[in-house]
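Commentary on secondary and tertiary structure
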Amino acid sequence: MRPSYQLPLVGLLLSSLIPGQLCKICEVSKENYSDLKPLLSTMVNSKYTRGIQAANTLLSLRLVGIQNQSLEHQLTQGIQEDMKRKGSDLTSGQLALIILALGACKNTDEVFISDAHLVRKLEEKFQAEIENMEIHNGNPLTNYYQLSLDVLALCLFSGDYSVTEIVDRFTPDNKNYYFGGHFSVDTGAMAVLALTCVQRSITSGKIEADEKDLNKINHYRESLVNKTLSEEKDGLFGNTYSTGEAMQALFVSSNYFENEQNCQKTLHTVLRNVSQGAFRTPTAAAQILPALMGKTYLDVNKDSACAHSPDFNISSDDPVSVTPTASPSKITVNYSVQINKTYSTSVTVKNGSVFLDVMEAAQKKNRTLFCFTTEESSWGPYVTSVQGIQANNNDRTYWELLSNGKSLSQGVGSYVVKDGDNLEVRWAKY
Ligand code: CBY
């Protein structure tokens, strides 16, 4: 692993000319590319090449310069099928991600973006988010991670947006950066990327804004970066899954990685997690890879980006480490649903089962108490209701997953349960 260095003199000169644009990148060195193979095989071998997972994967592969026409074609097809199926039900952030993925690296999909008026549709969806905030106490239809993706895509693909609106909505103390009072690193990082793009567009004269707004945007970036840095633990920011986006934000808006030790610590911890199989879902792999190769979502329409394929073999089908299947082959866990009262049961499932298997087993035992519904998200199934009680973004309510009293950092489709776990789904507010 080795961070890339700018020529010191040129670097100094340029960074004094374009403040904030030439920050230090911290990336895995070529000799260590083999450490990234598990991520690639997860993305390439995944059966879930549809929808938003496909958009995440395509964006990531293009950004890091892996050119494989048949794979790109397959992913593009998957995205377009999903768009047809969902129609206007696509959320704003999903559409933004699709635009970023299709538009990445100046390729022929750009024709589709303009023929299907995707940027105009995104402008409308972004407006609908703002309108929902006006009616519902500042709560968007989706969340600020998606609003940031919207701004980023509009900014990169010359969409229309109001700088004053962004200055009003993205103040660092806005409640939407927080879940249960806790700063969401994923959300903050995505906002830093979006605000950095807007700031660059203003300074380069691409869009107009007054100096007051520009200063505010710079202040927001700084404040969000500091909040991200204060969530650092053992080289990770927030948790394993927010670190890729946090790294991107730090690349474009801070000098944190100028310190070699900081860089090594983060790369070391992330690569350890990779080798332990933490990124076995396509979206998880897709969201960490660009940062590890020194790329950010702001590189999407850079001429120089995506230029060359890195030196590793795409068809590699290295086995992704699997959890050891130790005996016994059946395990027993406690499962409870907490609303005001707690409803508990104990279920026996196969060793290696995930949270969702437990919920299904409990539902089979008692439909009234343990029935639930899920929706597909880019990270796998998301629990939308339990006992008929529906999560609702306007009220900031959701079903929280816990094990032994601790909130989980994985969803129901990925969290592998252990014998004796006390699993819980809790009606909560974020
Ligand atoms: N993506 C989105 O719109 C999601 C944005 C995101 C910030 C996301 C994390 C980060 C990302 N990189 O995608 C996010 N989660 C949000 C906004 C939310 C809220 C969803 C409702 C809304 N307003 O849109 C909410 C309710 C606060 C939430 N996440 C809940 C949960 C729990 C889901 C439980 C359930 N009902 O199924 C859960 C499991 C936490 C818990 N203990 O209950 C959860 N999230 C987790 C763990 C995660 C991480 C997933 C990691 C993994 N390996 O599976 C996450 C990456 C993510 C997805 N959430 Co939310 C955050 C993290 O841990 N770093 C854009 C779209 C286009 O794809």
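So, a few notes on the structure that sits alongside this text. (Residues numbered from 1 in each chain as written. Predicted model: local features only at pLDDT ≥ 70, side-chain atom pairs only at ≥ 80, totals over all residues. Heavy atoms only, no water.)

**Quick look at the sheet that holds strand E7 (residues 372–377)**
- Here three strands make up an open sheet; going across it, the order is E7-E8-E9 and the pairing antiparallel. At either end of the open sheet lies a strand with only one pairing partner, and these are E7 and strand E9 (389–390).
- Across two bridges, strand E8 (residues 380–386) lies against E9 in antiparallel orientation. Along E9, the bridge assignment pairs Ser385 with Gln390.
- Strands E7 and E8 of the sheet are contacted by helix H15 (residues 355–365), whose axis makes an angle of about 155° with E7. (Pairing = 2+ DSSP bridges. Helix = DSSP H or I, 4+ residues; strand = E, 2+ residues; numbered from the N terminus. Contact = heavy atoms within 4.5 Å. Axes fitted to C-alpha atoms, helices over the stretch in contact; angles between N-to-C directions.)

**Digging into the pattern of salt bridges**
- Counting across every chain of the model gives eleven salt bridges.
- Between Glu72 and Arg62 there is a salt bridge, with its nearest N and O atoms 3.0 Å apart. On the criterion of sequence distance, the pair formed by Glu72 in helix H4 (residues 69–86) and Arg62 in helix H3 (residues 51–63) is long-range, its members being ten residues apart.
- By relative accessible area, Arg62 is classed as buried at 5%.
- Taken together, the shared-partner salt bridges in this structure form one network comprising Arg62, Glu72 and Asp109. (Salt bridge = Lys/Arg side-chain N within 4 Å of Asp/Glu carboxyl O. Buried < 20%, exposed > 50% of the residue type's maximum accessible area, 1.4 Å probe, protein only.)

**Considering the packing of aromatic side chains**
- In this structure the tally under the stated criterion is 14 aromatic pairs.
- For the ring pair Phe179 and Tyr430, a centre distance of 5.5 Å and an interplane angle of 90° mean the geometry is edge-to-face. Within this pair, whereas Phe179 is found in strand E1 (residues 178–179), its partner Tyr430 is found in the segment after strand E12 (422–429), the two being separated by 251 residues in sequence.
- When its relative accessible area of 18% is taken as the criterion, Tyr430 is described as buried.
- Consider the rings of Tyr335 and Phe370, whose centres lie 5.5 Å apart with planes at 55°: the pair is tilted. Of this pair, Tyr335 sits in strand E5 (residues 330–338) while Phe370 sits in helix H16 (residues 367–370), and the two are 35 residues apart along the sequence. Neither residue differs from the other here; Tyr335 and Phe370 are each classed as buried.
- What links up through ring pairs into an aromatic cluster is the set Phe237, Phe251, Tyr256 and Phe257. (Phe/Tyr/Trp six-rings, centres within 6.5 Å; stacked < 30°, edge-to-face > 60°.)

Function cannot be inferred from these measures alone, as they are strictly geometric.
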